[in-house]
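So you can see what is in the structure, the chains are spelled out below.
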2 protein chains.
Amino acid sequence: MGNQNIYNYEEKYSLKGNICYSKTITELCIAPDSYVICENGICLGVYRELPESLREFPCYDYKDSLIIPGLVDLHVHAPQYPFRGLGMDEELIEWLNVHTFPEEAKYADITYAEKAYDIFTGDLLGSAATRACIFGTIHRQATLLLMEKLERSGIKAYVGKVNMDRNSPENLRERDVESAGKDTEKWIEQSLGFQHVKPILTPRFIPACSDELMRRLSDIQKKYELPVQSHLSENLGEIQWVRELCPDAAFYGDAYDRYGMFGGGYPTVMAHCVHSEEAEIEVMKRNQVFIAHCPESNANLSSGIAPVRSYLENGLQMGLGSDVAGGTSLSMFHAMAMAVQCSKLRWRLVDSSLAPLNIEEVFYLASKGGGAFFGKVGSFERGYEFDAVVLDDSTLRHPQKLSVRERLERMIYLGDDRHVSAKYIGGRKVMGL
Amino acid sequence: MGNQNIYNYEEKYSLKGNICYSKTITELCIAPDSYVICENGICLGVYRELPESLREFPCYDYKDSLIIPGLVDLHVHAPQYPFRGLGMDEELIEWLNVHTFPEEAKYADITYAEKAYDIFTGDLLGSAATRACIFGTIHRQATLLLMEKLERSGIKAYVGKVNMDRNSPENLRERDVESAGKDTEKWIEQSLGFQHVKPILTPRFIPACSDELMRRLSDIQKKYELPVQSHLSENLGEIQWVRELCPDAAFYGDAYDRYGMFGGGYPTVMAHCVHSEEAEIEVMKRNQVFIAHCPESNANLSSGIAPVRSYLENGLQMGLGSDVAGGTSLSMFHAMAMAVQCSKLRWRLVDSSLAPLNIEEVFYLASKGGGAFFGKVGSFERGYEFDAVVLDDSTLRHPQKLSVRERLERMIYLGDDRHVSAKYIGGRKVMGL
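Conventions used here
- Residues numbered from 1 in each chain as written.
- Chains lettered and ligands numbered in written order.
- Predicted model: local features only at pLDDT ≥ 70, side-chain atom pairs only at ≥ 80, totals over all residues.
- Heavy atoms only, no water.
- Salt bridge = Lys/Arg side-chain N within 4 Å of Asp/Glu carboxyl O.
- Helix = DSSP H or I, 4+ residues; strand = E, 2+ residues; numbered from the N terminus.
- Least-squares fit on C-alpha atoms with pLDDT ≥ 70 in both.
- Contact = heavy atoms within 4.5 Å.
- 1 Å grid on protein atoms, 1.4 Å probe; cavity = no way out; pocket = protein on both sides within 12 Å on 5 of 7 lines; lining within 4 Å.
- Points joined across faces, edges and corners; volume = space filled by probe spheres on them.
- Nonpolar A, V, L, I, M, F, W, Y, C, P; charged D, E, K, R; others polar.
- Polar contact = N/O pair within 3.5 Å; in protein donor to acceptor, adjacent residues only side chain to side chain.
- Core = buried A, V, L, I, M, F, W, Y, C linked by side-chain atoms within 4.5 Å.
- Buried < 20%, exposed > 50% of the residue type's maximum accessible area, 1.4 Å probe, protein only.
- Axes fitted to C-alpha atoms, helices over the stretch in contact; angles between N-to-C directions.
- Parallel < 35°, antiparallel > 145°, perpendicular 65-115°, else oblique.
- Left-handed = near helix turned anticlockwise from the far one by under 90°.
- Pairing = 2+ DSSP bridges.

K.L.:
Would you take a moment to explain the pattern of salt bridges for this structure?
P.N.:
Close approach of charged atoms lets side chains of opposite charge pair. Residue and element names in this part refer to chain A. Tallied over the full model, the rule gives 50 salt bridges over all chains. Here Lys-223 and Glu-185 are joined by a salt bridge, their closest N and O atoms 2.6 Å apart. Here the residue Lys-223 occupies a position in helix H5 (residues 211-224), and Glu-185 occupies one in helix H4 (residues 177-191), the gap between them amounting to 38 residues.

In structure tokens:
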């Protein structure tokens, strides 16, 4: 069944093409007609000329194609993929009740999950993303099935069985905290054997998790030393609701923090942070909580536009998320374009002191920025895990000469899965020629 | 050379499929597994069962595909297509000077124009648009070449040689008003022979057109009874500049109106209207000036978000424009999605009294709303010109059942030229099987 054996996995090789990667958020490196070297899944750097010592190893020549680090989707809901592009006439809470929860309830049926997750995994594999932080549903078996499919595809991902026990329909709620805890531990035990896919603790969001459930998850986190993903300060109505549900919490994020699930000890990524207050931002900074900025979802659900410039100036850890199905597309190109566009609208309409994002910045966020959640990921600097995506943009015709920098910029607005012609993850080729 | 002879053009035929079209801005008609009838290029309506009298004529069965009226791009710059997705770190005026004018100057070279307009026409033909209002450049010959290519493709379009004589580089300025007038008249005379493509008077925008030039164009308009296209109230700096350039004009639009080029007599379409003041809107309504709403461009150039809901409530004529290369894509699906998304952000960030746009509304704007500029265009009601686009969405996989309405909604967010499998314009098949 697995793909592990059908691809050659050379110990040492190089890819040749027009290589683009971020060193810092302001420094985009462009190496036309150059080589990027992989040894045992780790990048040895980029060379204009292949060093003598490397000439005996295979070189895969992608000619005039662009080669970029694999992109990282820091926030996506696999079970919501079937209704991408549908039913976005509500704000967050109504949207969850009307569209999301009824769809997620279907994953109690493993046959449905099988069909749906085949489609999701296939499309994610065909995209420019090599890593992702993925929400499953409350269902242990369906979540394990998703993990198996991702494992076979070669995609490296954190995947979470969702925990939720209140403010959600009967058929999408943990029976009680005790069984929720047992079920979650069983899921973790069963998923520890995967090589590419890892479990991540996933309380859905504060409105759907009782204090007792949070306490139990906190114990599980410590026992298994798991990273955490959840949602934070996405929508004004949601934030007000959290205030009412947790009157003791100083701010939304504090409702995670009091259970030790807000960074500090273990890697934590929070989606959205559209309306985070100052105290919340300070704790996120101190605890190195990652922000998954999801601009398309924040537009579709009328949430608003996160002050990304301010987060960058504050030195917060950040990447981009597609947030399917609040977002419509798995494309990280689309996420980058929307991040630029929304930052311009925010600058024009809300706060002209926060300059719009530029190409260098969103490319960094989609690669090295989000990649940091996975370790040394998202760049072609020496020592980084070797995730590479080959982009053939030859179908985007043009009458004039374009530099490699211009072709990369254009891909952010015009690129899609048609242009992804090969993909390597951790040194292993997972698709393409 | 021409395509005119390679397609069969039956006098009377039907298309079979899942038919979707707007009757009004609130009434989206969905006819699953039905027939739409064409006679001599005119639509005879939609039927669930093929009437007895029509059974002897050919029926092209598109099975489970969607069939929609051809979409209408009310504002696009053909010569800017080469730099779509590039160089959008400036606002309007700087962007024109740094990116647009240097590119447009290249069209003095007919060899360059030949290459560039081949690409533009090919991509427009492959898109879901069947009609467009197109800006060329100042160059008569290149503009005629563009018109020839469009004519051969079968696309129905208004195309304008651009007029501009100030605030633009030496090599992109009419020599003097006299020669501008002569050249423009010559272009009109030369283009009157086209069947599908028609000339439209195109003063670039007030900052680039002297009073003398406007006066001359006004005479030409009356002589040839031409429609007009231009730009209006796009950017705050631009509006302030117009105030300084035309201190006598009561508002930006008045600077067109005093030369009789602001609707009333002849069809007129103005792109953008992001920041139109009340007096301007009143005259636009009275004179039935069309608004080309270009949401992606307005985001990319940090112009803002037009109050579309308010224009709709005011009963203004309106359609959507891609505004390439302020916009990055010719896709009218993308224009629809951005129109919804931007209206939500405006609702959240600027004015919660103006409700966001919905699917019915943007589909209407992209079809019948913009189509009205061309006459009875953009619907499958009886008597409308027969523009039809067949959409094969089978590659967008899903595990659940979807209604035709849902599939149409999804196409707005996920559709692109891959899904356009056949296209008819004025009854004539111009692409596909």
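Past the structure itself, the notes keep going.
K.L.:
Is there a simple way to think about the relation of the copies chain A and chain B in this case?
P.N.:
Here two copies of a chain appear, and what relates them is a rotation about an axis with a shift along it. The transformation that overlays chain A on chain B combines an axial shift of 0.0 Å with a rotation of 180 degrees, and the residual RMSD is 0.0 Å. With respect to symmetry, the two chain copies, as superposed, fit the operation of a two-fold axis. Closest approach to the rotation axis among the C-alpha atoms of chain A is made by A:Leu349, whose C-alpha sits 3.6 Å away. Comparing contact sets, 100% of the residues at the interface of chain A also lie at the interface in chain B, consistent with an isologous, same-surface contact.

K.L.:
Quick question: what am I supposed to make of empty space enclosed by the protein here?
P.N.:
Any space left empty among the atoms is revealed by the rolling of a water-sized probe across them. Residues and elements named next belong to chain A. Following the criterion strictly, the structure yields nine cavities of 30 Å³ or more and no others. Approximately 110 Å³ is the volume found for the largest cavity. Every residue lining the largest cavity is counted, 14 residues in all, and those nearest its centre are Leu-92, Trp-95, Leu-96, His-231 and Glu-234. Broken down by element, the residue count for the lining of the largest cavity peaks at three residues, all from helix H1 (residues 92-105). Counted by class, the lining of the largest cavity contains five nonpolar, six polar and three charged residues.

K.L.:
Teacher, can you tell me more about the side chain of A:Glu174 here?
P.N.:
On the secondary structure map, A:Glu174 appears in the loop between strand S8 (162-163) and H4. A distance of 2.7 Å separates a polar atom in the side chain of A:Glu174 from a polar atom in the side chain of A:Asn163.

K.L.:
Is there a simple way to think about the nonpolar core in this case?
P.N.:
Across soluble globular proteins, you tend to see nonpolar side chains buried next to one another. In this structure, A:Phe120, A:Ile134, A:Leu150, B:Phe120, B:Ile134 and B:Leu150 are the most contacted members of the largest nonpolar core, which totals 238 residues. The residues touching B:Phe120, leaving out its near neighbours within four places in the chain, are B:Val76, B:Ala78, B:Tyr81, B:Ile134, B:Leu146, B:Leu150 and B:Leu330.

K.L.:
I would appreciate a short explanation of the packing of helix H11 (residues 332-349) of chain A against helix H11 (residues 332-349) of chain B in the present structure.
P.N.:
The angle between the axes and the distance between the axes are what describe a pair of packed helices. Two numbers describe how H11(A) lies on H11(B): the axes approach to 12 Å, and their chain directions differ by 45 degrees. Taken together, H11(A) and H11(B) sit at an angle that is classed as oblique. By crossing handedness, the relation of H11(A) to H11(B) is classed as right-handed. Here A:His334, A:Met338, A:Gln341, A:Cys342 and A:Leu345 of H11(A) come into contact with H11(B), specifically with B:His334, B:Met338, B:Gln341, B:Cys342 and B:Leu345.

K.L.:
How should the pairing of strand S15 (residues 388-391) of chain A be read in this particular structure?
P.N.:
For a regular strand, side-chain orientation follows a simple rule: the groups alternate between the two sheet faces. Residue and element names in this part refer to chain A. What you see with S15 is no split at all: Ala-388 and Val-390 on one side and Val-389 and Leu-391 on the other are buried throughout. Of the strand pairs in this sheet, strand S4 (residues 59-69) and S15 are connected by four bridges, and their pairing is antiparallel. Bridging across to S15, Pro-69 finds its partner in Ala-388. With four bridges joining them, S15 and strand S16 (residues 420-425) adopt antiparallel strand pairing. Of the residues in S16, the one forming a bridge with Ala-388 is Tyr-424.

K.L.:
Just checking my understanding: could you explain the sheet that holds strand S4 (residues 59-69) of chain B for this structure?
P.N.:
Neighbouring strands of a sheet are bound in pairs by backbone hydrogen bonds; such pairs are parallel or else antiparallel. Residues and elements named next belong to chain B. Spatially, the seven strands line up as an open sheet ordered S3-S2-S1-S4-S15-S16-S17, and their pairing is mixed. This sheet does not close on itself; its edge strands, each paired only once, are strand S3 (42-47) and strand S17 (428-432). In this sheet, adjacent strand axes meet at a mean angle of 35 degrees when their direction is disregarded. Lying over the sheet, helix H2 (residues 110-126) contacts strand S16 (420-425) and S17, oriented at roughly 100 degrees with respect to S16.

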